[in-house]
Amino acid sequence: SGDYTIRVTSSAPMVSKFAINNKAEYTLSKDVTLNHTVVGPPVEYMASESPTFDGAAWLPYVPNPPFTLSDGNDTKTVYFKVRDAAARESSAVSDTILLHVPLPVELFVNAPPTTGNLVFTGEENVFYFTVADAATYIIDTWEGTIKDNVMSLFQGDQTTLIESDEDDGEGRMARIVRALAPGTYYLRVRDASNRKTGAYQIRVMTNDTLI
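Rules used in this analysis
Residues numbered from 1 in each chain as written. Predicted model: local features only at pLDDT ≥ 70, side-chain atom pairs only at ≥ 80, totals over all residues. Heavy atoms only, no water. Core = buried A, V, L, I, M, F, W, Y, C linked by side-chain atoms within 4.5 Å. Buried < 20%, exposed > 50% of the residue type's maximum accessible area, 1.4 Å probe, protein only. Helix = DSSP H or I, 4+ residues; strand = E, 2+ residues; numbered from the N terminus. Contact = heavy atoms within 4.5 Å. Polar contact = N/O pair within 3.5 Å; in protein donor to acceptor, adjacent residues only side chain to side chain. Pairing = 2+ DSSP bridges. Axes fitted to C-alpha atoms, helices over the stretch in contact; angles between N-to-C directions. Phe/Tyr/Trp six-rings, centres within 6.5 Å; stacked < 30°, edge-to-face > 60°. Salt bridge = Lys/Arg side-chain N within 4 Å of Asp/Glu carboxyl O.

Asker: Teacher, can you tell me more about the nonpolar core here?
Answerer: Soluble globular proteins tend to pack their nonpolar side chains together in the buried interior. The biggest cluster of nonpolar side chains holds 21 residues, and the ones touching the most others in it are Phe129, Ile139, Met151, Leu153, Leu187, Tyr200 and Ile202. Every element with two or more residues in this core is listed here: β11 (124–131), β12 (135–143), β13 (149–154), β15 (175–180), β16 (183–191) and β17 (198–205). For Leu187, the residues in contact, after removing those within four places along its chain, are Leu107, Asn125, Val126, Phe127, Phe129, Ile139, Met151, Ser152, Leu153 and Ile202. Of all hydrophobic cores here, the second largest spans 14 residues; its members include Ile20, Leu34, Val78 and Ile97.

Asker: Help me understand the environment of Gly122, please; the structure alone is not making it clear to me.
Answerer: Here Gly122 shows up in the loop between β10 (114–118) and β11. Taking the C-alpha atoms as reference points, Gly122 and Thr27, separated by 95 residues in sequence, lie 9.7 Å from one another.

Asker: Please clarify how the side chain of Lys81 should be interpreted in this entry.
Answerer: Mapped onto the elements, Lys81 comes out in strand β7 (residues 75–83). Among the residues examined, Lys81 registers a relative accessible area of 13% and is labelled buried. At 3.1 Å, the side chain of Lys81 forms a polar contact with the side chain of Glu89. When neighbours within four sequence positions are excluded, Lys81 is seen to be in contact with Glu44, Tyr45, Met46, Phe53, Trp58, Glu89, Ser90, Ser91 and Ala92.

Asker: I keep staring at the sheet that holds strand β6 (residues 66–68) and nothing clicks. Help me out?
Answerer: Sheet strands pair via backbone hydrogen bonds, and the direction of the pair is either parallel or antiparallel. Reading across from one edge, β1-β3-β6 is the order of the 3 strands in this open sheet, with antiparallel pairing throughout. The open sheet has two free edges, formed respectively by β1 (14–20) and β6, since each of these has just one partner strand. With strand direction ignored, the average angle separating the axes of adjacent strands in the sheet is 35°. As judged from the 3 bridges shared by strand β3 (residues 31–39) and β6, these two strands associate in the antiparallel manner.

Asker: Would you explain the sheet that holds β17 in this entry?
Answerer: Spatial strand order, β10-β17-β12-β15: 4 strands in an open sheet with antiparallel pairing. Each edge of the open sheet is held by one strand with a lone partner, namely β10 and β15. Sheet twist, expressed as the mean angle between neighbouring strand axes with direction ignored, is 25°. In this structure, β10 lies alongside β17, joined through 5 bridges in antiparallel fashion.

Asker: What am I meant to see in the packing of aromatic side chains here?
Answerer: Working definition: an aromatic ring pair is given by the centre-to-centre distance plus the angle between the planes. Tallying each qualifying case throughout the model produces 5 aromatic pairs. Through pairs of rings, three or more aromatic residues link up here, namely Phe18, Tyr45 and Phe80.

Asker: Would you explain the pattern of salt bridges in this entry?
Answerer: Pairing is possible between side chains that carry opposite charge, provided their charged atoms lie close to one another. Tallied over the entire structure, the rule returns 11 salt bridges. Of the charged contacts, one joins Arg172 and Asp148 as a salt bridge, the two residues approaching to 3.1 Å between their closest N and O atoms. Within this pair, whereas Arg172 is found in the loop between β14 (161–165) and β15, its partner Asp148 is found in the loop between β12 and β13, the two being separated by 24 residues in sequence. By relative accessible area, Asp148 is classed as buried at 14%. Between Glu163 and Arg178 there is a salt bridge, with its nearest N and O atoms 3.1 Å apart. You can see Glu163 sitting in strand β14 and its partner Arg178 sitting in strand β15, a full 15 residues away along the chain.

Asker: Explain the pairing of β16 to me, please; I cannot follow it from the model alone.
Answerer: The side chains of a regular strand alternate, residue by residue, between the two faces of the sheet. Pairing of β11 with β16, which is carried by 8 bridges, proceeds in the antiparallel orientation. Of the residues in β16, the one forming a bridge with Phe129 is Tyr185.

Asker: So what exactly am I meant to see when it comes to unusual backbone geometry here?
Answerer: As a rule of thumb, non-glycine residues mostly have phi less than zero, and peptide bonds are mostly trans rather than cis. One non-glycine residue, Asn21, adopts positive backbone phi at about 50°. Inspection of the secondary structure puts Asn21 in the loop between β1 and β2 (26–27). When its relative accessible area of 24% is taken as the criterion, Asn21 is described as partly exposed. The phi angle at Asn22 is positive, at roughly 55°, despite the residue not being glycine. If you trace the backbone, Asn22 turns up in the loop between β1 and β2. By relative accessible area, which is 61% here, Asn22 ends up exposed.

Structure below.
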C-alpha cells in the first residue's frame, strides 16, 4: 500500500492514417481528397507537395479536405500535418498517387484513322479537330480491344455538348453524323461500361469512307 501522484496531460495531435483518394493508385483529375484520421483535437491543417511545406499556409481544419495537384502527368507526393489550439504540430505524413489527366489529341479531317487508347478504367480520351468549311461530318469509331464505347461531341469551349452516341457505328461502337459550322470541336470517348481498358480507331470524315 502507499501513495502516488497522477495527472493527465495533453500532447500534440497525431495523424494516424493518411491516404490520397482512399489510397487510390491513380487519379484522372487534379482535384483529390486527403483522407486521414487524427488523434487529438486539430484546429488547422497544412498540405503541400513540398516536404518542407514551402508556400503552404495553415487552413481551418476540416475532415478529409480537398487538394489540387500540380500540373503534369506523373507521380505526385502530398505531405500533410495538423496543429491544435496551442500551435502544437503533428509530424508530417505523406502519400503518393499517379496523376493521369487525358491530354487532347488533334484529329485531321479525312486523314487515316487514329488509334485511341484507354489506359485506366474510367478514363476518357480527348480529341479535337478543326472544321474549315461548313458541311456534314462523320465522326466514326471502330473496335479494337474496346468493343463498346460512348462518344460525345462538344463545342470549342469543351463544355457545350452538341451530341452524344453509343451504338450508331459498326457493332456497338459510336458514330456521329453532324452538320458543323467552321470552328474547333472536341470529342470525348470512353468505354461504355467505364470498366474496360484498351484500344480502338477513330476518324473524322466529310463522307462515309470506311477503313
